[in-house]
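# Overview (structure and organization)
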Amino acid sequence: MNSSTVSAELGLRLVVPDRTTVPLLAGLSYTADDPYAIRMAFHVGNDEPVEWIFARELLTVGIVRRVGDGDVQVWPARADGERTLHISLTSPFGQALFEVPLAPLTEFLHRTYELVPAGRETDFMDLDAELSNMLWSS
């Protein structure tokens, strides 16, 4: 890990239809080069991890209120007396609901804001390279 990257492993729970939970491990990754995005790789069995990309602000706001439209929705909750964050993901392959313990997630988010403060994201982006990539990659 270099000084422009923040990563963590996070134990979370998949909520299955009968409301029981299945423990899972997810890897979180954040880089200053992509300051709006948090990558979450869900480790499911022996298969390759399933990666979703979340807006950092979505996860941050979701700690205090329900947020998100469409495929990703996030909201605060309690599970077994523990403060959690619910993350609901929908894709053409199905839907999944995860319970994420709040303390390790907020620690991770805090470290991302130490690396790239809120409102300063564009200071860490190469906008010319991003525009060039969009215009010439097709």
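As a starting point, this report considers the structure included with it. (Residues numbered from 1 in each chain as written. Predicted model: local features only at pLDDT ≥ 70, side-chain atom pairs only at ≥ 80, totals over all residues. Heavy atoms only, no water.)

### With respect to helix α2 (residues 102-115)
- In a regular helix each residue adds 1.5 Å, so 14 residues correspond to 20 Å; α2 covers 20 Å between its end C-alpha atoms and thus fits that length.
- Buried within α2 we find Leu102, Leu105, Phe108, Leu109, Thr112 and Leu115. Axial view of α2: buried residues confined to an arc of 150°, hence all on one face. Across α2 from its buried face, at more than 90 degrees, point the exposed residues Ala103 and Glu114. (Helix = DSSP H or I, 4+ residues; strand = E, 2+ residues; numbered from the N terminus. Expected span 1.5 Å × (residues − 1). Buried < 20%, exposed > 50% of the residue type's maximum accessible area, 1.4 Å probe, protein only. Arc of directions from axis to C-beta.)

### A short note on the pairing of strand β6 (residues 82-91)
- In this sheet, β6 lies alongside strand β5 (residues 72-79) in antiparallel orientation, the contact comprising eight bridges. The residue bridging Ala77 from the neighbouring strand is Thr84, located in β6.
- Linking β5 to β6, which pair antiparallel, is a turn of two residues; within it Asp80 sits at a positive phi near 55°.
- Both β6 and strand β7 (residues 94-101) contribute to a ladder of eight bridges, which runs antiparallel. Counterpart to Thr84 in the pairing with β7 is Pro101.
- Count of turn residues in the β6/β7 antiparallel hairpin: two residues. (Pairing = 2+ DSSP bridges.)

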